[in-house]
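# Breakdown of the fold
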Amino acid sequence: MYPPSTKDFISLTLSDPHSHSYNNGKHRRQSCWRKWKQLSRLQRSLVFFLLALLLIFGLLSFPSITEQWRGKQCPHSTHHCYMRSLLHYSFFYSLHLFVVSARNIERLEAVRDAFRHAWKAYKDYAWGHDELKPISKSFGEWFGLGLTLIDSLDTMWILDLKEEFEEAKDWVEKELSFNKNTDVNLFETTIRVLGGLLSTYHLTGNGLFLEKAKDLGTRLMPAFKTPSKIPFSDVNIGKGTAHPPRWTSDSTMAEVTSIQLEFRELSRLTQEPQYQEVVNEVMKLVHQLSGKQDGLVPMFINTNSGQFTHKGVFTLGARADSYYEYLLKQWIQGGKTEDELLEDYLQAIEGVKKHLVRQTGPSRLTFVGELSHNRFNPKMDHLVCFLPGTLALGFHNGLPDDHMDLAVKLMETCHQMYQQMETGLSPEIVHFNLQASDGRDIFVKPADRHNLLRPETVESLFYMYRFTKDTKYRDWGWDILQSFNNYTKVSGGGYTSINNVRDPINPGPRDKMESFFLGETLKYLYLLFSDDMELLSLDNYVFNTEAHPLPIWPSSPK
Ligand code: DMJ
């Protein structure tokens, strides 16, 4: 069967009843009832509680409101009048709370709808495979480990999608086997599969997930058997062999330094130190390595010599991004006791400010560019949009105020990367205009116009909202969800990455739903809209770079 043309894709999407409200009153009532039934017990209780509050304050303050409407002054004592105005105020405040909560509940439901829509197609056409191809209604295989299914487990748990979770859990129990002759990428498998299994174990308490995590962690260990102890990029989890890519003996910086949260947690849970030892060794080696520039690291490291290669090129984007993220998060995970991690993180942020942060000419948007042999390039990957969230997390954990100042400015820029595009979706890479005067702030090269359903901006919006409670961050996230629904949602099920965020008529569906759309993007949107600040509190959990929450370790008794 041929994939439908782009025109079909759009018209199919637009005709999808889930993305448009019905005009028909009967249908609307049915749909409201359906939505009500889908609310969790907590959400229903919240609605009842707010309604009760509204009713009580409404009844109590009714006389004062009607008197005021009739233009009468309060005829009683000052104390009495004061109490009445308090009631009056409480009534309108509960009304406001009710309206805000109703809107948030609607937004939470929209995320759950999006998840169900994506999951339906994964189930129908790609069950147990790595990725859904929603246009051709088929699947793609990367490692053959059911990537999307495992990446989504904790999202389903958090979104309270019990039926879907149970089916997926059965698959893990009966079908998932790591005893297969297959090459996997150490980093991708660690953050998506090991991270997904560990966080699901924590959320559910089901030992099945820990057992699987331990099996996988053990099979990944051969990657660390290198002359330098810097791991190879690829491991054959069936044969127990590991190797670098065919064309080089280098590994990617971000890859070898963003597997630590998961391996360290595996050691803590199993009480077997070897997992933690191998990844701590990598951090120790990198800590004392020369070739950094004010804490910024090159993008590659050699597995034989243990030295940086391709020196002099610095970015916070692809190949380096999560090195910086994991410095801070490991420090938080370990109870803020490992000073070398903090030292490296603080130095790196100073390096970012000194060498990579600039402002655009026209509107003074703050961005993070790249440095290549001392030449500044005003280019920023969408991947860099993890940084506002990470900076805010650091500030929340006692790091300097100017980290938060920078986070606020970068968050605005990441928002503009969506808002200024015709589809409301960010491209993969943007270039900024450094010239003073007028013109556009943001340019997009033709080769960079795609959108892969990436999470970094909504991830940072989640952190920014949790720490500031500024509702504009929720509104920005809501706009992004609308744009995903308008331009990437596929009729019949699934979401697809697209080729061109500047063309709302023909966005060019790419026929691929990345596992991180369910693992990260929708999870962060849900957490952004949730009023429950104890749901994965950032004082108790640290999210790995694939949005899998792992506990912050309880501090050991002194
Ligand atoms: C994810 O796999 C992780 O967030 C990783 O750190 C970066 N790339 C993707 C999402 O964009």
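Residues numbered from 1 in each chain as written. Predicted model: local features only at pLDDT ≥ 70, side-chain atom pairs only at ≥ 80, totals over all residues. Heavy atoms only, no water.

### Quick look at the UniProt feature "active site" (unreviewed entry) in the protein
Feature annotation in UniProt places "active site" (unreviewed entry) on Glu188, Asp321, Glu428 and Glu456, given in this structure's numbering. Lining residues of the largest pocket drawn from the annotated list: Glu188, Asp321 and Glu456. Inspection of the secondary structure puts Glu188 in helix H7 (residues 186-204). Classification of Glu188 by relative accessible area gives buried; the value is 13%. (UniProt positions renumbered as here; feature names shortened; annotations may be inferred. 1 Å grid on protein atoms, 1.4 Å probe; cavity = no way out; pocket = protein on both sides within 12 Å on 5 of 7 lines; lining within 4 Å. Helix = DSSP H or I, 4+ residues; strand = E, 2+ residues; numbered from the N terminus. Buried < 20%, exposed > 50% of the residue type's maximum accessible area, 1.4 Å probe, protein only.)

### Some thoughts on the site of the ligand
In the region of the ligand, the neighbouring residues are Ile191, Arg192, Leu383, Arg454, Pro455, Glu456, Phe516, Glu520, Thr545 and Glu546. Arg454 has a polar side-chain atom sitting 2.6 Å from an oxygen atom of the ligand. Contact distances for the ligand include 2.8 Å between an oxygen atom and a side-chain N or O atom of Glu520. In isolation the ligand offers 290 Å² of accessible surface; the protein chains occlude 91% of this area. In this structure the site holding the ligand corresponds to the largest pocket. Elements with a minimum of two residues in the shell around the ligand: H7 and helix H18 (515-529). (Near = heavy atom within 4 Å. Polar contact = N/O pair within 3.5 Å; in protein donor to acceptor, adjacent residues only side chain to side chain. Areas by Shrake-Rupley, 256 points an atom, 1.4 Å probe, with all protein chains shown as cover. Sits in = over half its atoms within 2 Å of the grid points.)

### Concerning H18
Here H18 is 15 residues long and its end C-alpha atoms lie 21 Å apart, about the 21 Å a rise of 1.5 Å per residue gives. For H18, the tally of buried residues reaches 15 of 15 residues, placing the bulk of the element in the interior. (Expected span 1.5 Å × (residues − 1).)

### Let's talk about the confidence of the model for the protein
Per-residue confidence for the protein gives a mean pLDDT of 91, with 89% of residues at or over 70. A low-confidence stretch, residues 1-25 (pLDDT under 50), is modelled with 37 contacts involving residues beyond four sequence positions or located in other chains. (pLDDT = per-residue confidence, 0-100. Contact = heavy atoms within 4.5 Å.)

### Some words on the state of the cysteines
For the structure shown, the criterion picks out one disulfide. Two residues share a disulfide in this structure: Cys385 and Cys414, whose sulfurs sit 2.2 Å from each other. One disulfide, between Cys385 and Cys414, carries an S-S torsion of -100° and so falls in the left-handed class. Here Cys385 is found in the loop between strand E14 (379-381) and helix H14 (387-396), whereas its partner Cys414 is found in helix H15 (residues 401-419), with 29 residues between them in sequence. In this pair, the class of Cys385 matches that of Cys414, namely buried. (Disulfide = S-S within 2.5 Å.)

### Concerning the pairing of strand E15 (residues 429-432)
Both faces of E15 are covered, namely the face carrying Ile429 and His431 and the face carrying Val430 and Phe432. In terms of strand pairing, E15 meets strand E16 (residues 442-443) through two bridges, oriented antiparallel. The residue bridging His431 from the neighbouring strand is Phe443, located in E16. (Pairing = 2+ DSSP bridges.)

### Concerning the sheet that holds strand E8 (residues 308-309)
Each strand in a sheet pairs with its neighbour through backbone hydrogen bonds, running either in the same direction (parallel) or in the opposite one (antiparallel). One open sheet accounts for three strands, arranged E6-E7-E8; its pairing is antiparallel. The open sheet has two edge strands with one neighbour each: strand E6 (250-252) and E8. Pairing of strand E7 (residues 300-302) with E8, which is carried by two bridges, proceeds in the antiparallel orientation. Its bridge partner being in E8, Ile301 is matched across the sheet by Phe308.

### Structural notes on the pattern of salt bridges
Under the definition given, this model contains 27 salt bridges. Salt-bridge contacts for Arg107 lead to Asp475; the nearest nitrogen and oxygen are separated by 3.1 Å. Separated by 368 residues along the polypeptide, Arg107 in helix H4 (residues 78-126) and Asp475 in helix H17 (residues 472-487) bring together distant segments of the chain. Owing to a relative accessible area of 5%, Arg107 belongs among the buried residues under this scheme. Note on Asp475: relative accessible area 29%, which makes it partly exposed. (Salt bridge = Lys/Arg side-chain N within 4 Å of Asp/Glu carboxyl O.)

### With respect to the layout of surface pockets
Counted as a void, the largest pocket has a volume near 1,000 Å³. With four residues, H7 is the single largest residue contributor to the lining of the largest pocket. Classifying every residue of the lining of the largest pocket by side-chain character gives 15 nonpolar, nine polar and 16 charged. (Points joined across faces, edges and corners; volume = space filled by probe spheres on them. Nonpolar A, V, L, I, M, F, W, Y, C, P; charged D, E, K, R; others polar.)

### Considerations on the nonpolar core
It is characteristic of soluble globular proteins that their nonpolar side chains tend to be buried jointly. In terms of nonpolar packing, the biggest core is built from 144 residues, with Phe263, Leu316, Val368 and Met380 touching the most fellow members. The element contributing the most residues to this core is H4, with 10 residues. Those residues in contact with Phe263, other than ones at most four positions away along the chain, are Leu186, Thr190, Leu194, Gly217, Leu220, Met221, Phe224, Tyr275, Gln276 and Val279. (Core = buried A, V, L, I, M, F, W, Y, C linked by side-chain atoms within 4.5 Å.)

### Re the packing of H4 against helix H5 (residues 147-158)
H5 packs onto H4 with a crossing angle of 150° between their chain directions and a minimal axis gap of 12 Å. Relative to H5, the element H4 is oriented roughly antiparallel. You can see that H4 and H5 cross each other, and the crossing is left-handed. In this structure, H4 contributes Phe115, Trp119 and Tyr122 to the contact, and H5 contributes Thr148, Leu149, Ser152, Thr155 and Met156. Residues that form the contact of H4 with H5 fall into these classes: five nonpolar, three polar and no charged. (Axes fitted to C-alpha atoms, helices over the stretch in contact; angles between N-to-C directions. Parallel < 35°, antiparallel > 145°, perpendicular 65-115°, else oblique. Left-handed = near helix turned anticlockwise from the far one by under 90°.)

### Some remarks on the packing of helix H10 (residues 260-270) against helix H11 (residues 274-287)
Contact pair H10 / H11: the axes reach a minimum separation of 7 Å and the direction vectors enclose 150°. Regarding the angle of H10 to H11, the classification is roughly antiparallel. Crossing angle aside, the handedness with which H10 passes H11 is left-handed. For the pair H10 and H11, the contacting residues are Gln260, Phe263, Arg264, Leu266, Ser267 and Thr270 in the first and Gln274, Tyr275, Gln276, Val279, Asn280, Val282 and Met283 in the second. Broken down by class, the residue content of the contact of H10 with H11 amounts to six nonpolar, six polar and one charged.

### A short note on the sheet that holds strand E4 (residues 234-236)
The three strands lie next to each other as E3-E4-E5, forming an open sheet whose pairing is antiparallel. Bordering the open sheet on either side are strand E3 (183-185) and strand E5 (241-243), each of which pairs with just one other strand. Direction aside, neighbouring strands of the sheet carry axes that sit 30° apart on average. Two strands pair when backbone bridges link them, and E3 and E4 are joined in this way by three bridges, in the antiparallel orientation. Considered in E4, the bridge of Asp183 is made with Asn236. Across the sheet, H7 touches E3 and E4, and the angle it forms with E3 is around 70°.

### A closer look at the environment of Pro244
Mapped onto the secondary structure, Pro244 falls in the loop between E5 and E6. C-alpha separation for the pair Pro244 and Thr303, spaced 59 residues apart in sequence, amounts to 8.1 Å. What Pro244 contacts, discounting residues up to four positions off in sequence, is Phe232, Ser233, Asp234 and Ser249.

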